[in-house]
Amino acid sequence: MDIKELYRDVILDHNRRPRNFGPLEAADACVEGFNPMCGDRLTLRLKLDEGTISDIRFEGQGCAISTASASLMTEAVKGRTRADALQLFDRVHRLLTEDAAAGEELGKLAALSGVREFPARVKCASLCWHTLSSALQSGASNQVPAVSTE
Ligand code: ZN
């Protein structure tokens, strides 16, 4: 399957049936993200268990790419340590903006490289990752400022 088909199929699938979508009780961190370029909004909640993301869920309203990307991200980072998840963010960011090779071993996340053909969409795909990064770097605080991709 080529990357364009993979991109279309994965985005459609995860937009139609977002994984880990909904509220999360007793979350350790809650951060809101907003992409003013497109109007995507998401709220990310996660639980940390000794530095490992034991649960993560998101809610919000956005375009297909932002929703699918958040869905893919929650699947990819659940069970990872904070450091591991931030490293993954780094790789995904490179994948979205510059380096096709960064997609190796990223599994379904590699499908996101399809957005490189649509530069205006990169912020849609990266919004959830910026939000995650903010949530992880804030530690276990519930009171962290909202992030924006701007
Ligand atoms: Zn969008």
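This one's a predicted model, so the numbers in the text were calculated from it and none came from an experiment. (Residues numbered from 1 in each chain as written. Predicted model: local features only at pLDDT ≥ 70, side-chain atom pairs only at ≥ 80, totals over all residues. Heavy atoms only, no water.)

Visitor: Sorry, what's going on with the coordination of the zinc ion here?
Guide: The zinc ion binds to the protein through Cys38 (SG), Asp40 (OD), Asp40 (OD), Cys63 (SG) and Cys124 (SG); the donor distances cover 2.2 to 2.6 Å. Written as a sequence motif, the donor residues of the zinc ion are C-x1-D-x22-C-x60-C. Of this pair, Cys38 sits in the loop between β1 (29-35) and β2 (40-49) while Cys63 sits in the loop between β3 (52-61) and α2 (64-77), placing them 25 residues apart in sequence. (Donors = N, O, S within 2.8 Å, 3.2 Å for Na, K, Ca; no water. Helix = DSSP H or I, 4+ residues; strand = E, 2+ residues; numbered from the N terminus.)

Visitor: Sorry, what's going on with the environment of Arg91 here?
Guide: The residue Arg91 is located in helix α3 (residues 82-97) in this model. A relative accessible area of 26% places Arg91 in the partly exposed class. Along the sequence, Arg91 and Glu104 sit 13 residues apart, while their C-alpha atoms lie 9.7 Å from each other. (Buried < 20%, exposed > 50% of the residue type's maximum accessible area, 1.4 Å probe, protein only.)

Visitor: Before we go on, may I ask you to explain the nonpolar core in this structure?
Guide: A general tendency of soluble globular proteins is for nonpolar side chains to be buried together. Membership of the largest hydrophobic core comes to 40 residues, with the highest contact counts inside it found for Leu46, Ile53, Val77, Leu109, Trp129 and Leu132. Listed by contribution, the elements that provide at least two residues to this core are α1 (3-16), β1, β2, β3, α2, α3 and α4 (122-137). Sort the elements by how many residues they give to this core and α4 lands first, with nine residues. Apart from the residues within four sequence positions on either side, Trp129 is in contact with Ser69, Met73, Val77, Ala85, Leu88, Phe89, Val92 and Leu109. (Core = buried A, V, L, I, M, F, W, Y, C linked by side-chain atoms within 4.5 Å. Contact = heavy atoms within 4.5 Å.)

Visitor: Just to check I follow, could you spell out α3 for this structure?
Guide: Between the first and last C-alpha of α3 there are 23 Å, a value that for 16 residues agrees with the 22 Å anticipated at 1.5 Å per step. All buried positions along α3 are accounted for by Ala85, Leu88, Phe89, Val92, Leu95 and Leu96. Looking straight down α3, one finds its buried side chains confined to an arc of 125 degrees; they lie on one side. Exposed side of α3, more than 90 degrees from the buried face: Ala83 and Gln87 are the residues found there. The inward-facing, buried residues of α3 contact β3, α2 and α4. (Expected span 1.5 Å × (residues − 1). Arc of directions from axis to C-beta.)

Visitor: When you look at the packing of α3 against α4 in this model, what are you seeing that I'm missing?
Guide: When two helices pack together, you describe them by how their axes are tilted relative to each other and by the distance separating the axes. Packing of α3 against α4 brings their axes to within 10 Å, and their N-to-C directions diverge by 160 degrees. Accordingly, the angle class assigned to the pair α3 and α4 is roughly antiparallel. Between α3 and α4 lies a crossing whose hand is left-handed. For the pair formed by α3 and α4, the contact residues are Arg82, Ala85, Leu86, Leu88, Phe89, Val92, His93, Leu96 and Thr97 on the first element and Val122, Ala125, Ser126, Trp129, His130, Leu132, Ser133, Leu136 and Gln137 on the second. Of the residues in the contact of α3 with α4, the class split is 11 nonpolar, six polar and one charged. (Axes fitted to C-alpha atoms, helices over the stretch in contact; angles between N-to-C directions. Parallel < 35°, antiparallel > 145°, perpendicular 65-115°, else oblique. Left-handed = near helix turned anticlockwise from the far one by under 90°. Nonpolar A, V, L, I, M, F, W, Y, C, P; charged D, E, K, R; others polar.)

Visitor: Please explain the side chain of Asn20 as it appears in this structure.
Guide: Along the chain, Asn20 falls in the loop between α1 and β1. In this structure Asn20 comes out as buried when scored by relative accessible area, which is 15%. A polar atom in the side chain of Asn20 sits 3.0 Å from the side chain of Lys78. Every residue in contact with Asn20, bar those within four places of it in the chain, is listed here: Ile56, Arg57, Phe58, Thr74, Glu75 and Lys78. (Polar contact = N/O pair within 3.5 Å; in protein donor to acceptor, adjacent residues only side chain to side chain.)

Visitor: Would you explain the confidence of the model for the protein in this entry?
Guide: Caution is warranted with low-pLDDT regions, since their predicted coordinates should not be read in detail. When pLDDT is averaged along the protein, the result is 89; 89% of the residues meet or exceed 70. For the stretch residues 140-144, pLDDT sits under 50, and the model shows 11 contacts to residues farther than four places along the chain or on other chains. (pLDDT = per-residue confidence, 0-100.)

Visitor: Explain the packing of α2 against α4 here, please?
Guide: Put simply, α2 and α4 touch, their axes get as near as 7 Å, and they point 40 degrees apart. Considering the angle they form, α2 stands oblique to α4. Crossing handedness for the pair α2 and α4: right-handed. Only Cys124, Ala125, Cys128, Trp129 and Leu132 of α4 make contact with α2, whose side of the interface consists of Ile65, Ser66, Ser69, Ala70, Met73 and Val77. Considering only residue class, the contact of α2 with α4 consists of nine nonpolar, two polar and no charged.

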